[in-house]
Amino acid sequence: MRNHHHHPYRSLKEWHAGQREQRKRARWIPYSLRWEGGGFLRIFPQIIVSGIFAALICLGLEFKGDEHMLHSPILFPVFGFVVGLAITFRMQSSYSRWWDGRTQWDRVSAVSRSFARTLWLHVPDIPVTPESRETIMRKEQVIRCVHTLAVALKHHLRGEREWHECHDLKHGVDHVPNYNLTATNHPLTLTLHLSTAIESYRTLGHPQIDTQVLTHLLTHIDTLTSILSACERLLRTPIPLGYNIAISRIVWIFIFTLPGQLWAELRWWSVAVTGVTAYALFALAEVGLEIENPWGEGPNDLDLDRYCNLLALDLDEIMAFPRAGKATESIASSSSTISLRAGHGRERFGDLVDVGVGEEAV
């Protein structure tokens, strides 16, 4: 799991200052000496099996003689080249999926900021009267809904469906009028509430919302929906099983034939060389398998908790900006009552926005 730090950030300025301070105090540890994130414990049984098998092969060659040794100066380099191609394909495919996931989440942040800025500055307020029978979301509530959508997407991609697994999402939807708590796809449901809110501003606003602004907002909602589909594609379309099986078998065949290739030159050192080679190949394959789905909570997965809380800081900054015809004090007061950080304890929120500099090996 990621290492968290306790810094109660209240604004982006405090966050950047905290990151600079952490970088100054961070103790640098070479990647080769780090324990977390390398997947060593998961591949350790495979390394042990490889070493035992190599020892048995060497023991047999010791008693039977070198005439039983499988040694070919041509076959070994060719097969090693095939193994390299297989591992390269696995790593490139997995990293491409991981980077696509990061790109999609970057789009979530960019679209959310643009939507909030446009709504906050370019959409007139709706006058709410006691006689009005319609439930109208204030701008602050709509912007909170945008952030809640990002939080809902995080839990949706992690497969967290129960409310006890996603308290931050429950706190967010509590501020959405008439929200259906039994919904199965919360990000999609929240896009419907955003569309409903924009339609209310279009029909009830005085003066009416500008057509270009309306188109801009609806386009952003469409983009959020397409991002949801793209993220679900990464989640539900893994690398084909046949590729994983073939690559795994190729690696194991190479490891099992390696001791016979090395015995003539290295003798019993072949066991150690086989173990080191097994670690290199299985470690690369394991990292590729782990980052194939970037939505988890491991050290190699995307840090969605931090992304969501940095987005909350950005949206709070937008709501703190004075609108035309509004006093700065009234805006600051309004935005503070609807602060997107209200659902987190100060210490916990500080934990989740840290970049993670200064992480140390366990």
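Residues numbered from 1 in each chain as written. Predicted model: local features only at pLDDT ≥ 70, side-chain atom pairs only at ≥ 80, totals over all residues. Heavy atoms only, no water.

## Concerning the overall build of the chain
Part 1 of the argument: In terms of regular secondary structure, the chain is built from twelve helices and zero strands.
Part 2 of the argument: With 362 residues in all, the chain has 44% of them scored as buried.
Part 3 of the argument: Of all intrachain contacts in the chain linking residues separated by at least 6 positions in sequence, the fraction that spans at least 24 positions is 79%.
Part 4 of the argument: Here the chain displays about 19200 Å² of accessible surface, and carbon together with sulfur accounts for 60% of that area. (Helix = DSSP H or I, 4+ residues; strand = E, 2+ residues; numbered from the N terminus. Buried < 20%, exposed > 50% of the residue type's maximum accessible area, 1.4 Å probe, protein only. Contact = heavy atoms within 4.5 Å. Areas by Shrake-Rupley, 256 points an atom, 1.4 Å probe, with all protein chains shown as cover.)

## Quick word on the pattern of salt bridges
Part 1 of the argument: Using the criterion set out here, one finds 15 salt bridges in the structure.
Part 2 of the argument: Arg233 serves as the salt-bridge partner of Asp100, at 3.3 Å between the closest nitrogen and oxygen. With Asp100 in helix H3 (residues 75–122) and Arg233 in helix H7 (residues 211–236), this residue pair connects regions lying 133 residues apart in the sequence.
Part 3 of the argument: Residue classification places Arg233 among the partly exposed residues on the basis of a relative accessible area of 41%.
Part 4 of the argument: Notably, a salt bridge pairs Lys139 with Asp125, separated by 3.7 Å at the nearest N-O pair. Within this pair, whereas Lys139 is found in helix H4 (residues 139–158), its partner Asp125 is found in the loop between H3 and H4, the two being separated by 14 residues in sequence.
Part 5 of the argument: On the basis of relative accessible area, Lys139 is assigned to the buried category, the value being 4%.
Part 6 of the argument: When salt bridges that share partners are traced, they join Lys154, Arg158, Asp168, Glu297 and Asp305 into one network. (Salt bridge = Lys/Arg side-chain N within 4 Å of Asp/Glu carboxyl O.)

## Here we look at the packing of aromatic side chains
Part 1 of the argument: Within the structure shown, the criterion is met by seven aromatic pairs.
Part 2 of the argument: Between Tyr95 and Trp98, the aromatic rings sit 5.7 Å apart at their centres with planes inclined by 20°, giving stacked as the arrangement. Placement of the pair is Tyr95 and Trp98 together in helix H3, with a separation of three residues, close to one helical turn.
Part 3 of the argument: Classification of Trp98 by relative accessible area gives buried; the value is 19%.
Part 4 of the argument: By the ring-pair criterion, three or more aromatic residues cluster together here, those being Phe53, Trp252, Phe256 and Phe282.
Part 5 of the argument: Looking at Arg102, its charged tip hangs above the ring of Tyr307, at a distance of 4.3 Å from the centre. (Phe/Tyr/Trp six-rings, centres within 6.5 Å; stacked < 30°, edge-to-face > 60°. Lys NZ or Arg CZ within 6 Å of the ring centre and 35° of its normal.)

## Quick word on the confidence of the model for the chain
Part 1 of the argument: Across the chain, pLDDT averages 80, with 74% of residues at or above 70.
Part 2 of the argument: The secondary structure element of the chain with the lowest average pLDDT is helix H11 (residues 328–337), at 40, and the one with the highest is H7, at 94.
Part 3 of the argument: Every residue in residues 3–7 is under pLDDT 50, and counting partners more than four places away or in other chains gives 16 contacts.
Part 4 of the argument: Note on residues 327–338: pLDDT under 50 across the span, and 17 contacts to partners over four residues away in sequence or across chains. (pLDDT = per-residue confidence, 0-100.)

## What about the packing of H3 against H4?
Part 1 of the argument: Running from N to C, H3 and H4 cross one another at 170°; their axes reach a closest spacing of 9 Å. On the basis of their axis angle, the class for H3 and H4 is roughly antiparallel. On the side of H3, the interface is formed by Trp105, Val108, Ser112, Phe115, Ala116, Leu119 and Trp120, while H4 contributes Lys139, Glu140, Val142, Ile143, Val146, Ala150, Leu153, Lys154 and Leu157.
Part 2 of the argument: Per-class residue counts for the contact of H3 with H4 are twelve nonpolar, one polar and three charged. (Axes fitted to C-alpha atoms, helices over the stretch in contact; angles between N-to-C directions. Parallel < 35°, antiparallel > 145°, perpendicular 65-115°, else oblique. Nonpolar A, V, L, I, M, F, W, Y, C, P; charged D, E, K, R; others polar.)

## Let's talk about the nonpolar core
Part 1 of the argument: Within the largest apolar cluster, 51 residues are counted, with the highest numbers of intra-cluster contacts made by Trp105, Phe115, Leu119, Val142, Leu194, Leu217 and Trp295.
Part 2 of the argument: Mapped by element, the contributors of at least two residues to this core are H3, H4, helix H5 (167–173), helix H6 (186–204), H7 and helix H10 (304–319).
Part 3 of the argument: Take this core: its biggest share by element is ten residues, from H4.
Part 4 of the argument: If sequence neighbours within four positions are ignored, Phe115 has contacts with Val142, Val146, Leu194, Ile198, Leu217, His220 and Ile221.
Part 5 of the argument: Ile47, Ala86, Ile255 and Leu281 belong to the second-largest nonpolar core, a separate cluster that totals 15 residues. (Core = buried A, V, L, I, M, F, W, Y, C linked by side-chain atoms within 4.5 Å.)

## What about the environment of Trp269?
Part 1 of the argument: With respect to the secondary-structure elements, Trp269 resides in helix H9 (residues 269–291).
Part 2 of the argument: On the basis of relative accessible area, Trp269 is assigned to the exposed category, the value being 63%.
Part 3 of the argument: Separated by ten residues in sequence, Trp269 and Pro259 have C-alpha atoms that sit 9.2 Å apart.

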